[in-house]
Amino acid sequence: DGLASPPMGVQAMPDVKMAHYEIGTGTRLLMADGGLARVDGDRIAEALAGEDIAAVLVALKELVATHGTLMAIEFVPPELPAPIPVHETETTAALADAGMGANGAAPRGRKTPNAFEAPVRSVLSKGALTLAATTRVLGSAVERVVPQPKEGQRSWLGTPAAAGATVIIPILVVVLVLVFWLTGTGESEFELCVREATTAADVARNIASSDVQGTLAAWNAVLTVVGRCNELRTGDAAVAGLGLEGRQIIDQILQISRRGMTPLASLPNAGLTRIVLQGEDIYALDDRNDLVYRVKVTDDGMGLVTGSQQAIPSMRRTAQVEEFTIGDILDIAWAQNGAGLSQGNVLVALDANGVLVECPPRFLEALSCEAQRLLSTETWVTPKAIALWQGRIYVLDPGANQVWRYEPGGGAFTNSPTEYFIGEGRPDIRTAVDLSIEDSGQIYILMMDGSIRKFEGGEALPFGYASFPEGQQILGADAMFLNTNPIAQGLLISDHETRTVYETTLAGTFIAAYRPNDEDLFLSLADAVTDPNHRLIYATSGNTIFVFNRTS
């Protein structure tokens, strides 16, 4: 029926048909063109029930009257060996048994287990099919050349020549199979991978430069194959050249700014998720161990002052500050206005129990820090980030779909929070990951999908990204930094999925997209801040604070 219906696009409304099937071990799927349209369904089902996929293909071939294109698929567990030459997936157990590395790559100089047997099986399979077809042709020819003998006459097959042929033909078949075997194993899996990457690169080079999406898709496919080749063997010049060519073309289209990363500080067994820059001091939250570090940079911002790296005793899990025991630390921020604190220009940290710790920058020992507990924390659901503005504290709580606002009073936060969003038509911020506040009081909320929602007094304001290169867009985000310095106002958005730090104006206009020369350095990218005085950007990834120049 589908073959007789109008082609797609003829009707004004699309005709959508969907089906649901339970997939299990041994389930088979057949996809074919009209070559099987007139074949009885029972015969197709009988063909699909063959012993293996090879038998299925042979049976289906017999059903096609003239010509046809089809593909038969069988679903099997990854660990089940395939009896025919197909690409086999591997479980971690199989990798361990084979002596593979943790990343799935074989030791250098050694072929993977399928490097020899897959080409052999492929050649033998093709040879067997060829011999089968040849046998059918020879059989038909023999029936015509050597007809059945008349009654009472001796058949030609009973002659000595026929007897000799029965011995010689199997010997020739064995010799032919050996020739196929010996001549078909010259390429290893790595060599096949290189050939695939080269072919993919040739296809990508022939795509018109005006087809931006096609060019990006083609070269990304090349990089995918290159990555697979590098897993098989590292250091190959041809593979490296293809990878470099693809990356340069993609960078040019997407206007990616590659930067050399300088590791500023590596903190022991840390998982850094937040970074705060204040003058020459950098404060970093280690979310893995729930403690806060301070490091001091050199005058040029590119180095670390010797001996300046220290953990802040009062900003760590289980620390005792006054009568409070610190729990898991949610976020850190710099408080310039000390209306609700003991003083201004202090570093603050908020834990999951609502305990707010403040420490002056030059006296970070435990006796110099103070703490207080914010009220009505039982209304919090999943608090994620904090921001301070004119002495107020704003707590982003995606689980409650709300931003809680604490007003200062008498050198402390003595009141319960108020809701930032009130009334009807409240926005949906349940996938929010970060927030920042501009000097004028406008709130920027970063969503998990990379979009930004902007509000003032709880009312939504227009915001949208603009002037991004074709093919370049923000589809995910981890953190946001709002720079209000008049020298370089703008936003930094960190996305570990693309290993990119995006820079835009406060209105969302594209400025730059920064990636390291070695993208593995940003595998765990979490946050980034800018130093407008030195035109530097500091970023955290894993347990390391990196620094790079915005301009070169």
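Positions within a chain are numbered from 1, following the residues in the order the chain's sequence is written. It should be noted that, the model being predicted, local features are given only for residues of pLDDT at least 70 and side-chain atom pairs only at 80 or more, the latter also being counted only at that level, while totals for whole chains, interfaces and linings use all residues. Water and hydrogen atoms play no part in the side-chain values, which are based on all heavy atoms of the structure.

## Considerations on the overall build of the chain
In step 1: For the chain, the count of helices and strands is 8 helices and 29 strands.
In step 2: Note on exposure labels: buried denotes an accessible area under 20% of the residue type's maximum, exposed denotes more than 50%, and partly exposed covers the range between, all computed with a 1.4 Å probe on protein chains only. A buried classification covers 39% of the 552 residues belonging to the chain.
In step 3: At a minimum sequence separation of 6, the contacts of the chain that also span at least 24 residues come to 53%.
In step 4: Method for areas: the Shrake-Rupley scheme with a 1.4 Å probe, in which residue coverage is limited to the protein chains shown. Just so you have it, the chain exposes about 30,200 Å², and 55% of that area is on carbon and sulfur atoms. Numbered from the N terminus, helices here are DSSP runs of H or I no shorter than four residues, and strands are runs of E no shorter than two. A contact between two residues is defined here by any heavy atoms of the two lying within 4.5 Å.

## Focus: the nonpolar core
For soluble globular proteins, nonpolar side chains are generally found buried alongside one another.
In step 1: One finds Tyr 444, Leu 446, Ile 452, Leu 491 and Ile 493 to be the most contacted residues of the largest nonpolar core, which totals 35 residues.
In step 2: Those elements that provide at least two residues to this core are helix H6 (189-205), helix H7 (212-232), helix H8 (237-254), strand S20 (443-447), strand S23 (479-483), strand S24 (490-495) and strand S26 (510-516). What we call a nonpolar core is a set of buried Ala, Val, Leu, Ile, Met, Phe, Trp, Tyr and Cys residues that are connected through their side-chain atoms within 4.5 Å.

## Structural notes on the environment of Asp 331
In step 1: By secondary structure assignment, the location of Asp 331 is in strand S11 (residues 329-335).
In step 2: Residue classification places Asp 331 among the buried residues on the basis of a relative accessible area of 2%.
In step 3: Considering only alpha carbons, one finds Asp 331 and Val 395, 64 residues apart in sequence, at a separation of 9.7 Å.
In step 4: Each residue touching Asp 331, except ones within four places of it in the same chain, is listed here: Arg 274, Leu 285, Val 348, Ala 349, Leu 350, Lys 384, Ala 385 and Ile 386.
In step 5: Under the rule applied, a polar contact is a pair of N or O atoms within 3.5 Å (in protein, one hydrogen donor and one hydrogen acceptor; residues adjacent in sequence only if both atoms are side-chain atoms). Here Arg 274 takes part through its side chain, which lies 2.9 Å from a polar atom of the side chain of Asp 331.

## Let's talk about the pairing of strand S15 (residues 385-389)
In step 1: The element S15 is extensively covered by neighbouring structure, given that 4 of its 5 residues are classed as buried.
In step 2: In this scheme, strands are said to pair when DSSP sees at least two bridges between them. Counted along the chain from S15 to the antiparallel partner strand S16 (residues 392-397), the turn is 2 residues long, and its residue Gln 390 has a positive phi close to 50°.

## Overview of the state of the cysteines
In step 1: When two cysteine sulfur atoms are found within 2.5 Å, that pair is recorded as a disulfide. All told, the structure shown has 2 disulfides when counted by the stated rule.
In step 2: What pairs with Cys 193 in a disulfide is Cys 229, and their sulfur atoms sit 2.0 Å apart. Looking along the S-S bond of the Cys 193-Cys 229 disulfide, the torsion reads about -105°, which is the left-handed sense. With a gap of 36 residues between them, Cys 193 in helix H6 and Cys 229 in helix H7 connect regions that are remote in the sequence. Just as Cys 193 is buried, Cys 229 falls in that class too.
In step 3: A sulfur-sulfur separation of 2.0 Å characterises the disulfide bridge that pairs Cys 359 with Cys 369. Disulfide Cys 359-Cys 369: torsion about the S-S bond near 120°, hence right-handed. Of this pair, Cys 359 sits in strand S13 (residues 355-359) while Cys 369 sits in the loop between S13 and strand S14 (370-373); the two residues are 10 residues apart in sequence, bridging distant segments of the chain.

## Some words on the confidence of the model for the chain
In step 1: Confidence scores labelled pLDDT are given residue by residue by the predictor and lie between 0 and 100. A residue-level look at the chain finds 79% of positions with pLDDT of 70 or above and a mean pLDDT of 84.
In step 2: Confidence, read as mean pLDDT per element, is least for helix H3 (residues 92-97) in the chain (44) and greatest for S20 (98).
In step 3: Predicted confidence is poor over residues 90-116, with pLDDT under 50, and the contacts of this stretch with residues over four places away or in other chains come to 29 contacts.

## Some thoughts on the side chain of Arg 294
In step 1: Structurally, the position occupied by Arg 294 is in strand S7 (residues 291-296).
In step 2: Charge assignment in this entry is limited to Lys and Arg as positive and Asp and Glu as negative, and neither His nor the chain termini are counted. Here, a salt bridge means any side-chain nitrogen of Lys or Arg that lies within 4 Å of a carboxyl oxygen of Asp or Glu. Buried charge without a partner: Arg 294 forms no salt bridge, and the closest opposite charge is Asp 281, 4.1 Å away.

## What to know about the sheet that holds strand S5 (residues 272-278)
In step 1: Across the sheet, which stays open at both edges, the 4 strands sit in the order S5-S6-S7-S8 with antiparallel pairing between neighbours. Strands at the two margins of the open sheet, each flanked by one partner only, are S5 and strand S8 (310-316). Adjacent strand axes in the sheet meet at a mean angle of 25° when their direction is disregarded.
In step 2: Both S5 and strand S6 (residues 281-286) contribute to a ladder of 6 bridges, which runs antiparallel. The residue of S6 that forms the bridge with Arg 274 is Leu 285. Helix axes are fitted to C-alpha atoms over the stretch in contact, other axes to C-alpha atoms as well, and angles between N-to-C directions run from 0 to 180 degrees.

## Points about the pattern of salt bridges
In step 1: For the structure shown, the criterion picks out 18 salt bridges.
In step 2: Two residues, Arg 274 and Asp 331, come together in a salt bridge whose shortest N-O distance is 2.9 Å. Taken as a pair, Arg 274 in strand S5 and Asp 331 in strand S11 lie far apart in primary sequence, 57 residues in all.
In step 3: We note a salt bridge from Arg 515 to Glu 519, for which the minimum N-O separation is 3.9 Å.
In step 4: Taking the relative accessible area as the measure of exposure, Arg 515 reaches 12% and is therefore buried.
In step 5: Owing to a relative accessible area of 25%, Glu 519 belongs among the partly exposed residues under this scheme.

## Some words on the packing of helix H1 (residues 41-48) against helix H2 (residues 53-63)
In a pair of packed helices, the angle between the axes and the distance between the axes together describe the arrangement.
In step 1: With their axes 8 Å apart at the nearest point, H1 and H2 run at an angle of 155° to one another. Overall, the two elements H1 and H2 adopt an arrangement that is roughly antiparallel. Contacts between H1 and H2 involve Arg 43, Ile 44, Ala 47 and Leu 48 on the former and, on the latter, Val 56, Ala 59, Leu 60 and Leu 63.
In step 2: Amino acids outside the nonpolar list (Ala, Val, Leu, Ile, Met, Phe, Trp, Tyr, Cys, Pro) and the charged list (Asp, Glu, Lys, Arg) are all regarded as polar, and Gly is one of them. Its residues placed into classes, the contact of H1 with H2 shows 7 nonpolar, no polar and 1 charged. Angles below 35 degrees are treated as roughly parallel, those above 145 as roughly antiparallel, those between 65 and 115 as roughly perpendicular, and all remaining angles as oblique.

## Examining the packing of aromatic side chains
In step 1: Each Phe, Tyr or Trp ring, with Trp reduced to its six-membered ring, pairs with another whose centre is within 6.5 Å; inter-plane angles below 30 degrees give stacked pairs, above 60 give edge-to-face pairs, and intermediate values give tilted ones. Per the counting criterion, the structure on display carries 10 aromatic pairs.
In step 2: On the numbers, 5.5 Å between centres and 65° between planes, the contact of Tyr 465 with Phe 468 is edge-to-face.
In step 3: A residue is classified by how much of its surface remains accessible, and Tyr 465, at 28% relative accessible area, is partly exposed.
In step 4: Grouped by ring-pair contacts, the aromatic residues Tyr 444, Phe 463, Tyr 465, Phe 468 and Phe 510 constitute a single cluster.

## Topic: H6
In step 1: Relative to the 24 Å expected for 17 residues at 1.5 Å per residue, H6 spans 24 Å between its end C-alpha atoms, a close match to the ideal helical length.
In step 2: Considering only its buried residues, H6 is in contact with H7 and H8. Expected helix span is computed as 1.5 Å times (number of residues minus one).

## Some remarks on unusual backbone geometry
In step 1: Phi angles above zero are rare outside glycine, and Asn 269 is one such case at about 50°.
In step 2: Tracing the backbone through its elements, the reader meets Asn 269 in the loop between strand S4 (262-266) and S5.
In step 3: Exposure remark for Asn 269: the relative accessible area of 53% places this residue in the exposed category.

## Considering a nonpolar patch on the surface
In step 1: For patch building, the residue pool is restricted to those with more than 30% relative accessible area and no salt bridge; the joining distance is 9 Å between like charges and 5 Å between nonpolar side chains (Val, Leu, Ile, Met, Phe, Trp, Tyr). Where nonpolar side chains cluster on the molecular surface, the patch consists of Tyr 21, Ile 23, Leu 29, Met 31, Met 71 and Phe 75 and spans about 600 Å² of accessible area.
In step 2: Position of Leu 29 relative to the elements: it lies in strand S1 (residues 28-32).

## Examining the sheet that holds strand S12 (residues 346-351)
Within a sheet, neighbouring strands are paired by backbone hydrogen bonds and run either parallel or antiparallel to one another.
In step 1: If you trace the 4 strands from one edge of the open sheet to the other, you get S11-S12-S13-S14, paired in antiparallel fashion. Single-partner strands in this sheet number two, and they are S11 and S14. The average angle at which neighbouring strand axes cross in this sheet is 20°, direction not considered.
In step 2: Two strands pair when backbone bridges link them, and S12 and S13 are joined in this way by 4 bridges, in the antiparallel orientation. What sits directly across from Leu 347, in S13, is Cys 359.

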